[in-house]
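# What the coordinates show
Below, each chain spelled out in residue letters.
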Amino acid sequence: MAEYVHQTLEEMIPELEEMKEIGLFTVKETKNILKKRESYEYKLRQLTKTKSSFLNYIEYEKKLLELLKIRRKKLGQHTKKRDVEKAIADRIHKLYRLVTLRFSEDISLWEQHIEFSKVMNEKAYVSRLYGQVLKIHSHNPDLWLKAAQWESSDEGNSNHELAREILLKGQRVNPESESLFLEMFRMELQLAKVLIKRKAILKISTNETNGENELAPELRLPFIIYNKSKEIFPGRADLHLKLLIICCSVKEGRPLQDLIVSDLEESYPDNPKVWNGLALRYINKIKTVSKGHRKEAISKCLAVYEKALEKLPNDEMWSLCLTALLGLTQRAELSRTEWLTKSTLQLSERAIQLGFLSDVLYIQLLELLQQLGMAEDLLAVSRLATKDHPTCVPLWHIRLRAESGQGHDKLQDVFQTATKHVSREDSWPLWELMLNYLTNINIEEVQPLVMKACRSVTAQLCKPAKVWYLHWSFQHCGIKELRQVYNSLKSMRPVSAEFFRLYIQMESSQLKIKHDLIRAAFEEAVVEFGHTQSDIWLNYIHFESAVAKDCVKSAEIHQRALLGLGPQQREKFIRKHVLYCL
């Protein structure tokens with residue numbers, strides 16, 4: 001093994017000598033390079049070869065190439081690149097060949113080799129590598145796709161004929177591959193676009209059409225692929241729509257686009273998603289449309305939706321339509337378009353009357369009304385929304401905000417109604433809104449209401465209520481009231497870790513800190529959460545060492561934490577404590 005390694009290293013000596021001679025590396029640096037390569041070569045000749053042995057060697061050589069590039073730029077030295085860089089690149093290629101030969105099932109290794117060849121601008125080598133990997137992984141449509149895209153691209157060989165041949169071969173091997181069909185259709189459309197533009201520039205006209213379809217000769221191949229896709233993927237509305245989207249991206253494919261639209265309307269008259277796709281094709285690229293043509297595009301979209309709603313007046317069709325329109329009103333470039341807003345509101349009103357507006361769409365509509373400052377409409381629609389979706393918390397939340405201007409008694413009635421309909425687990429946002437409202441309007445009613453929430457047996461309600469009550473009592477009543485509230489609430493289970501943290505934080509913020517009260521709170525917290533939450537122990541240790549200046553107690557707490565925490569939490573605690581001590 002040593003003989004082969006030394007023979008390989010001797011072959012590298014001329015390359016290293018050139019590096020040293022032209023001043024790219026010093027004598028010491030070239031020795032280090034040789035030593036590093038020697039270690040990698042020995043690893044490659046072990047009985048059990050691993051991917052990492054090859055990849056680490058390749059990565060080292062790549063970094064060496066990058067360093068050479070930097071050194072050459074710095075020194076202004078660009079001679080003998082063939083003797084230096086070419087030798088390193090050939091070594092990397094050799095290593096990739098060896099690793100892909102041994103681990104040929106790993107596609108990522110082939111892709112890395114291809115990517116390196118692209119970086120080195122070795123186009124012929126890339127094509128050869130794609131040919132090799134496709135022989136082994138012929139049932140991988142993505143590889144056929146990438147090979148064809150490379151051959152047809154400007155960065156590649158710009159060989160559209162070869163790209164077409166690759167896609168056809170890939171389709172024969174993978175006859176059910178959707179991605180290959182879509183790429184074939186896209187590529188043929190792009191080629192047709194080039195031909196049509198060329199004819200226009202040269203002012204060449206032709207009267208030849210494709211029979212009943214009246215398509216230009218250049219669109220025949222895309223048309224054939226489109227028809228073939230309908231045969232191979234019957235009933236696939238989603239694929240049909242993807243073909244339409246590709247066709248819409250090519251202006252010259254308008255005749256074929258019209259034909260696809262006609263087929264979609266005929267084949268899927270009862271499919272809401274198809275109608276949605278037909279409408280959205282006009283606004284998918286609304287940002288790129290000039291201001292003068294935006295209204296026309298949106299009007300066409302609205303016309304398709306109107307036609308769809310006549311044929312399919314169901315909740316799915318209404319939802320798709322209003323989702324698109326409400327989304328349009330939120331776009332910056334269309335946010336102040338009055339006619340669009342008016343159309344959206346009119347359609348929303350019709351959907352409400354028919355009972356087709358979902359809770360999500362109600363929320364979007366209410367947000368739009370709020371942005372427009374339509375307070376009366378906001379209130380009226382929020383009432384309808386909670387009537388249609390009585391268990392939706394966000395809708396009740398919006399309605400409570402809207403009802404706040406109708407008087408205290410009215411708001412109380414709405415709040416009582418809301419809490420009866422929504423689940424207690426989700427109701428805290430409504431309680432919080434009501435408590436904040438009472439804080440500003442009638443502070444005397446706050447404590448009875450918050451205590452009602454704190455006494456709830458539902459953890460999702462009582463836990464945040466207790467934290468809120470601590471905040472409120474400290475801000476509005478002071479530290480004495482805070483201590484009374486804390487003492488009354490701590491025995492009410494369940495409580496959260498945030499409840500104890502907040503109280504400790506507030507006690508610690510006083511000018512004269514009462515250590516005994518803080519220690520008592522920490523002790524209660526570790527009893528409740530000390531077996532699962534390492535941060536409580538760390539905070540306790542920090543308090544004793546940094547605030548109370550009692551290192552003995554700090555050490556005792558550290559030992560208690562190690563005994564009280566579970567295995568995973570104990571490891572986390574040890575790591576965090578070490579970082580804290582550094």
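Anyway, here's the lowdown on the structure attached to this text. (Residues numbered from 1 in each chain as written. Predicted model: local features only at pLDDT ≥ 70, side-chain atom pairs only at ≥ 80, totals over all residues. Heavy atoms only, no water.)

If you tally the helices and strands in the chain, you get 29 helices and zero strands. On C-alpha atoms alone, the chain measures out to a radius of gyration of 36 Å, which is more than a quarter above the 25 Å that the 2.2 N^0.38 rule sets for 582 residues. Based on the C-alpha atoms only, the size of the chain along its principal axes is roughly 85 × 75 × 45 Å. Relative to its full complement of 582 residues, the chain shows a buried share of 43%. Summing over all exposed atoms, the chain offers an accessible surface of approximately 31,600 Å²; the carbon and sulfur share of this is 53%. Each charge class in the chain can be summarised by its mean position, and for the 86 positive and 76 negative side chains these summaries are 4 Å apart. (Helix = DSSP H or I, 4+ residues; strand = E, 2+ residues; numbered from the N terminus. Rg over C-alpha atoms; globule rule 2.2 N^0.38 Å. Buried < 20%, exposed > 50% of the residue type's maximum accessible area, 1.4 Å probe, protein only. Areas by Shrake-Rupley, 256 points an atom, 1.4 Å probe, with all protein chains shown as cover. Lys, Arg positive; Asp, Glu negative; His and termini not counted. Charge placed at Lys NZ, Arg CZ, Asp CG, Glu CD.)

On to helix α28 (residues 551–564). Relative to the 20 Å expected for 14 residues at 1.5 Å per residue, α28 spans 20 Å between its end C-alpha atoms, a close match to the ideal helical length. Turning to α28, its buried residues are Ser554, Ile557, His558 and Ala561. Each buried residue of α28 sits inside an arc of 105° when the element is viewed along its axis, so together they form one side. The outward face of α28, more than 90 degrees from its buried face, is lined by the exposed residues Val552 and Leu563. Residues of α28 that are buried sit in contact with α27 (534–547) and α29 (567–581). (Expected span 1.5 Å × (residues − 1). Arc of directions from axis to C-beta. Contact = heavy atoms within 4.5 Å.)

Now for the layout of surface pockets. If a probe the size of a water molecule is rolled over the atoms, the empty space left behind becomes visible. One number sums up the size of the largest pocket: a volume of about 680 Å³. Surrounding the largest pocket, 17 residues form its lining, Cys248, Gln257, Arg281, Tyr282 and Val289 being those nearest its centre. Going through the elements one at a time, α11 (237–248), α12 (254–267) and α14 (291–311) are the ones with two or more residues in the lining of the largest pocket. Counting residues per element, the lining of the largest pocket draws most heavily on α14, at four residues. For the lining of the largest pocket, the per-class residue count stands at six nonpolar, five polar and six charged. Approximately 480 Å³ is the volume found for the second largest pocket. The wall of the second largest pocket is formed by 17 residues, among which Leu65, Lys69, Glu85, Val119 and Met120 lie closest to the centre. At the level of elements, α3 (51–75), α4 (81–102) and α5 (107–119) are the ones that each hand at least two residues to the lining of the second largest pocket. With six residues, α3 is the single largest residue contributor to the lining of the second largest pocket. Residue composition of the lining of the second largest pocket, by class: five nonpolar, two polar and ten charged. (1 Å grid on protein atoms, 1.4 Å probe; cavity = no way out; pocket = protein on both sides within 12 Å on 5 of 7 lines; lining within 4 Å. Points joined across faces, edges and corners; volume = space filled by probe spheres on them. Nonpolar A, V, L, I, M, F, W, Y, C, P; charged D, E, K, R; others polar.)

Residues Ile201, Leu202 and Ile204 make up a contiguous nonpolar surface patch of roughly 340 Å² in combined accessible area. Exposure remark for leucine 202: the relative accessible area of 55% places this residue in the exposed category. (Patch = residues over 30% accessible without salt bridge, like charges linked within 9 Å, V, L, I, M, F, W, Y side chains within 5 Å. Salt bridge = Lys/Arg side-chain N within 4 Å of Asp/Glu carboxyl O.)

So, on to the packing of aromatic side chains. Going through the model one piece at a time under the given rule, you end up with 14 aromatic pairs. The interplanar angle of 80° and the centroid separation of 6.3 Å between the aromatic rings of tyrosine 486 and phenylalanine 500 together place this pair among those described as edge-to-face. One end of the pair, tyrosine 486, is in helix α24 (residues 479–489); the other, phenylalanine 500, is in helix α25 (residues 497–508), and 14 residues separate them in sequence. When sorted by exposure, tyrosine 486 lands in the same class as phenylalanine 500, which is buried. For the pair phenylalanine 500 and phenylalanine 529, a centre-to-centre distance of 6.3 Å together with 70° between the ring planes defines the contact as edge-to-face. One end of the pair, phenylalanine 500, is in helix α25; the other, phenylalanine 529, is in helix α26 (residues 515–529), and 29 residues separate them in sequence. Across the pair, phenylalanine 529 and phenylalanine 500 agree in class, each one buried. A network of ring pairs unites the aromatic residues Tyr486, Phe499, Phe500, Tyr503 and Phe529 as a single cluster. (Phe/Tyr/Trp six-rings, centres within 6.5 Å; stacked < 30°, edge-to-face > 60°.)

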